[in-house]
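Topology and contacts: notes
Chain by chain, the residues run as shown.
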Amino acid sequence: MYRKIKLITTLGLFILANVFTESFSYGQEKKQPIKENGGMGYSMFGSTFLNVSDLNTKLENSGYSTFSDNFFSAGGGGHAIINNKWIVGGEGHTLLSDSETSGNYSNSLIASYGFFDLGYIVFSIGDLRIYPIIGLGAGEMKFKISRKLTSLSFDDILDTPERNSEISKSGFLLNLSLGTDYLINFSKNENERGGMLLGVRAGYCLSPSKGHWEMGDVEISGAPDLGFSGPYIRFMIGGGGFSKEK
């Protein structure tokens with residue numbers, strides 16, 4: 001145990017020493033103002049948590065299976081970096097739940113949204129950047145109940161068309177997050193850097209207006225209280241580059 005602690009302590013001190021050394025060198029280089037601009041594109045995946053308790057209560061009372069509050073998040077985005085300070089970009093995501101089966105019926109819940117992002121780099125050292133982001137956008141959520149069928153004829157469709165029910169809602173959203181990016185540089189040019197981007201973002205999505213459920217153009221009364229608000233964490237993988245201008 002002592003040897004493991006000693007090894008971890010030594011490794012930690014080594015990492016800290018490298019960070020402070022690079023930070024000092026970076027500070028020395030900043031004696032002459034350097035404008036650094038770049039762009040990044042990436043895929044994003046992770047988990048988003050939504051409050052589905054009200055929906056689950058209604059489903060359970062009617063004999064349907066319930067949903068987990070943990071949704072798989074998949075999407076992507078991109079941003080430009082201006083003067084190594086400002087971040088301007090956009091992102092889009094789809095939130096997926098497992099399709100649940102209850103007897104002869106299955107139910108699913110899917111949400112999707114997109115944001116215009118504006119951020120500011122509060123810490124930058126080498127190819128590591130940390131930045132808060134605020135995003136403004138909109139989203140849509142769909143809840144569907146389907147009857148399982150083994151066979152179906154065209155006449156069956158004409159005689160009994162009501163086999164699936166799908167309701168949806170939409171609204172404006174606000175996204176607050178903190179991001180960390182690291183660029184694995186493959187370029188050998190001193191004034192340019194480019195390569196693979198790895199990163200992570202954690203934040204909270206807010207829905208100031210919850211909106212209302214609809215089926216087509218008909219508003220649904222007594223629908224569950226379910227919105228887009230909730231925390232999330234997403235991992236990023238992609239690529240991009242920077243160029244320096246003194």
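Conventions and cut-offs
- Residues numbered from 1 in each chain as written.
- Predicted model: local features only at pLDDT ≥ 70, side-chain atom pairs only at ≥ 80, totals over all residues.
- Heavy atoms only, no water.
- Helix = DSSP H or I, 4+ residues; strand = E, 2+ residues; numbered from the N terminus.
- Buried < 20%, exposed > 50% of the residue type's maximum accessible area, 1.4 Å probe, protein only.
- Contact = heavy atoms within 4.5 Å.
- 1 Å grid on protein atoms, 1.4 Å probe; cavity = no way out; pocket = protein on both sides within 12 Å on 5 of 7 lines; lining within 4 Å.
- Points joined across faces, edges and corners; volume = space filled by probe spheres on them.
- Nonpolar A, V, L, I, M, F, W, Y, C, P; charged D, E, K, R; others polar.
- Core = buried A, V, L, I, M, F, W, Y, C linked by side-chain atoms within 4.5 Å.
- Salt bridge = Lys/Arg side-chain N within 4 Å of Asp/Glu carboxyl O.
- Arc of directions from axis to C-beta.

**A closer look at the side chain of Ser177**
If you trace the backbone, Ser177 turns up in strand S8 (residues 164-185). By relative accessible area, Ser177 is classed as buried at 9%. Setting aside residues up to four positions removed in sequence, Ser177 forms contacts with Tyr131, Pro132, Ile133, Arg201, Ala202, Gly203 and Tyr232.

**Observations concerning the layout of surface pockets**
Its boundaries defined by the atoms lining it, the second largest pocket holds a volume of some 260 Å³. For the lining of the second largest pocket, the secondary structure elements donating two or more residues are helix H2 (53-61), strand S7 (128-147) and S8. Residue classes in the lining of the second largest pocket are distributed as 10 nonpolar, four polar and two charged.

**Notes on the nonpolar core**
One finds Leu109, Tyr113, Met141, Phe143, Leu226 and Phe228 to be the most contacted residues of the largest nonpolar core, which totals 20 residues. Of all the secondary structure elements, the ones that give two or more residues to this core are H2, strand S5 (105-120), S7 and S8. Per-element accounting of this core gives the leading share, four residues, to S5. Aside from chain neighbours lying at most four places away, what touches Met141 is Leu50, Leu109, Ile110, Ala111, Ile167, Ser168, Lys169, Trp213, Leu226, Gly227 and Phe228. Listed in part, the 12 residues of the second largest apolar core include Met40, Tyr42, Ile121 and Leu197.

**Remarks on empty space enclosed by the protein**
Vacant regions in the atomic arrangement are exposed by a probe of water-molecule size rolled over the atoms. Within this structure, the stated rule accounts for one cavity of 30 Å³ or more. Empty space within the largest cavity amounts to approximately 40 Å³. Elements that contribute at least two residues to the lining of the largest cavity include exactly S7 and S8. For the lining of the largest cavity, the leading source of residues is S8, giving three residues. Residues that form the lining of the largest cavity fall into these classes: seven nonpolar, no polar and three charged.

**Describing the pattern of salt bridges**
Scanning all chains against the criterion turns up three salt bridges. Across the pair Asp117 and Arg201 runs a salt bridge, and its minimum N-O distance is 4.0 Å. Of the two residues, Asp117 is situated in strand S5 and Arg201 in strand S9 (residues 192-206); the sequence distance between them amounts to 84 residues. A salt bridge links Asp127 to Arg193; the shortest N-O distance between them is 2.4 Å. Of this pair, Asp127 sits in the loop between strand S6 (123-125) and S7 while Arg193 is found in strand S9, placing the two residues 66 residues apart along the sequence. Assigned by exposure class, Asp127 and Arg193 land together as buried. Shared partners join several salt bridges into a network, and the residues in it are Glu91, Asp117 and Arg201.

**A look at H2**
Taken as a whole, H2 has its buried residues at Leu55, Asn56 and Leu59. On an axial view of H2, the arc spanned by its buried residues comes to 95 degrees, and they lie on one face. Structurally, H2 contributes buried residues whose contacts are with S5 and S7. Taken from the residues just after H2, Gly63 is the one with a positive phi, measuring 85 degrees.

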